[in-house]
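The lines below spell out each chain.
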Amino acid sequence: MNRSTWITKLITALSVIILLGIWQGGAIWLDAAVILPSPTTTLGALATLVRHKPFSLNIITTVGRALQSFLLIFMVGSFFGILAGYSKKVHAFLVPVLVICKATPVMSVILLAFIWFSSGTVPLFSAFLMGFPVMFVQVEQGVQLISPRLREMTEVYGFSPVRRLVHLVIPSMLPSFITGAKASLSMVWKVVIAAEVLTVPRYGVGSRMQLAQVHLETAEVLAWTLIAIALTALGDLLFQAMLSLPKYILTLRNRNRKVELCN
Amino acid sequence: MQLVGITKGYTVADLFLPVLQDFSLTVEPGTITALVGPSGCGKTTLLRLIGELEPYQSGQIIKVTEEEGPMGYLFQEPRLLPWYSVLHNVELVLRPWYDSKEKRINRALEFLQLVNLEDYARFKPDQLSGGMRQRVSIARAFAYPARLMLLDEPFQNLDTQMRWSLVNAFLTLWKQDQRTTIYVTHDVPEALLMADTVVRLSNRPMQILETLTIDTPREERSLGDPQFIAMQARFYT
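Cut-offs used in this document
- Residues numbered from 1 in each chain as written.
- Chains lettered and ligands numbered in written order.
- Predicted model: local features only at pLDDT ≥ 70, side-chain atom pairs only at ≥ 80, totals over all residues.
- Heavy atoms only, no water.
- Helix = DSSP H or I, 4+ residues; strand = E, 2+ residues; numbered from the N terminus.
- Buried < 20%, exposed > 50% of the residue type's maximum accessible area, 1.4 Å probe, protein only.
- Contact = heavy atoms within 4.5 Å.
- Areas by Shrake-Rupley, 256 points an atom, 1.4 Å probe, with all protein chains shown as cover.
- Pairing = 2+ DSSP bridges.
- Axes fitted to C-alpha atoms, helices over the stretch in contact; angles between N-to-C directions.
- Salt bridge = Lys/Arg side-chain N within 4 Å of Asp/Glu carboxyl O.

Enquirer: Let's hear about the overall build of chain B: which residues, and what values?
Expert: Broken down by element type, chain B carries seven helices and nine strands. Projecting the C-alpha coordinates of chain B onto the three principal axes gives extents of approximately 50 × 45 × 35 Å. Counting across all 237 residues of chain B, residues that qualify as buried make up 54%. Contacts in chain B between residues at least 24 apart in sequence constitute 69% of all its contacts with a sequence separation of at least 6. Put simply, chain B shows about 10600 Å² of open surface, and 49% of that area lies on carbon and sulfur atoms.

In structure tokens, the structure reads:
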């Protein structure tokens, strides 16, 4: 690691320490755990939560909902994004849907969904409605990023549709897929938890947060918030790891090739 | 190859604007024919019609047997896939023609060698200079078993020295495999040094003004020769 990366890491660490300091200072100054518990109290509450029985079930349910809606967004958003990218008619048809999805406040989607569906389905549905436009717009733009000149080249050199898809369309659109997936994934976490808070299904991080808030267990609310942050960060990390996997495999393969050449 | 009575135009606001009107041209098989004309006269459009990239309204394109089949097209830009290496770019177009990967790689390397790029086979296109990229696309076009070569000013946008090295790279490959070549340019000296036949074209709608046949072997041609000076003069009147 070189000097400048060290310095950036140091600055980030410093920022975290300052934030914790402000939190601790505020807790001391207010001197009321109901309003703002100290970081240590919150960590204590977190430790209790982890030991408490349906802890993993709450997490698994929320993660499950987030992943389900993310997969749905990814598939449906990609499908319609590609269609709309290729056809102006499909694009025109989908514009009103998109405008509604983008402009409706998250809370009204959740409230309406709660009237229509059971509490467990509401987070899924709301997250889908909020995340879908993000994925869709990225994929649609991705289609337009396919170079018409390269497309013409594939025509001249007699590429079959499958060969064109594999060697031109997918590589051209990959950055858009990644950006869309990343943006919709981080949105999904927030919407799923918000919907859980409002609808209080039996299990879920949001439900626990809501119950803690009702009982004025501020430390517990904060502890669940920390868990939500950790989940989002973990999701991002896993996503990044997934993206660097092909590159890693490629370097491994190249290394093996070099070894073969040397022998 | 023969082009007979080709008409091609665009309809803009119910008005038919012809680019080519009843255009005919004969190209001797196995030769290089240069089409020289002012910018926007329709020579690129003609090339695109021959390359089946665009339809035309009427007329006929008649090819002799050895010109039938796949075509190689050199564009103004190299048009390489940026995510693949130079070698992969060339190998990819060979897939329908050679089943064995080893054969494809060997053929790709052989042609990269002919344009002096074998050391760069594993590089990505954006790691190369503009001239090198265009050389890759020349290697790709010749590695591809095309029966007809269509060149749309592929040596433009490069400095003079690079240009001549590309022209020479092209001619080296062409001499090994003399495919019927139609070459569009507005650079007169380049056309006179490369082509067997130089066709001088008018503005839109494009018509043939003159056809010059050059018998002097390519190695003996010089722009300073009185014959070539006289030929050049005809383009600047």
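Enquirer: Just give me the short version of the sheet that holds strand 9 (residues 208–213) of chain B, but keep the residues and values in it.
Expert: All names here are of chain B. With respect to topology, six strands assemble into an open sheet ordered 5-6-7-3-8-9, the strand pairing being mixed. A single partner strand is all that each edge strand has here, and the edge strands are strand 5 (71–74) and strand 9. Each neighbouring strand pair of the sheet contributes to a mean axis angle of 15 degrees, computed without reference to strand direction. By the bridge criterion, five bridges tie strand 6 (residues 148–152) to strand 7 (residues 180–185) in an arrangement that is parallel. By the bridge assignment for strand 7, Asp-152 is matched with Val-184.

Enquirer: Let's hear about the pattern of salt bridges: which residues, and what values?
Expert: In the structure shown here, the tally under the stated rule is 19 salt bridges over all chains. Glu153(B) is the salt-bridge partner of Lys43(B), the closest N and O atoms lying 4.0 Å from each other. Here the residue Lys43(B) occupies a position in helix 1 (residues 43–50), and Glu153(B) occupies one in the loop between strand 6 and helix 5 (160–176), the gap between them amounting to 110 residues. Residue Arg179(B) is joined to Asp177(B) by a salt bridge in which the shortest nitrogen-to-oxygen separation is 2.9 Å. Given a relative accessible area of 26%, Asp177(B) falls into the partly exposed group. Each of the salt bridges in this network shares a partner with another, and the network as a whole consists of Arg149(A), Glu152(A), Lys8(B), Arg48(B), Glu54(B), Glu77(B) and Arg79(B).

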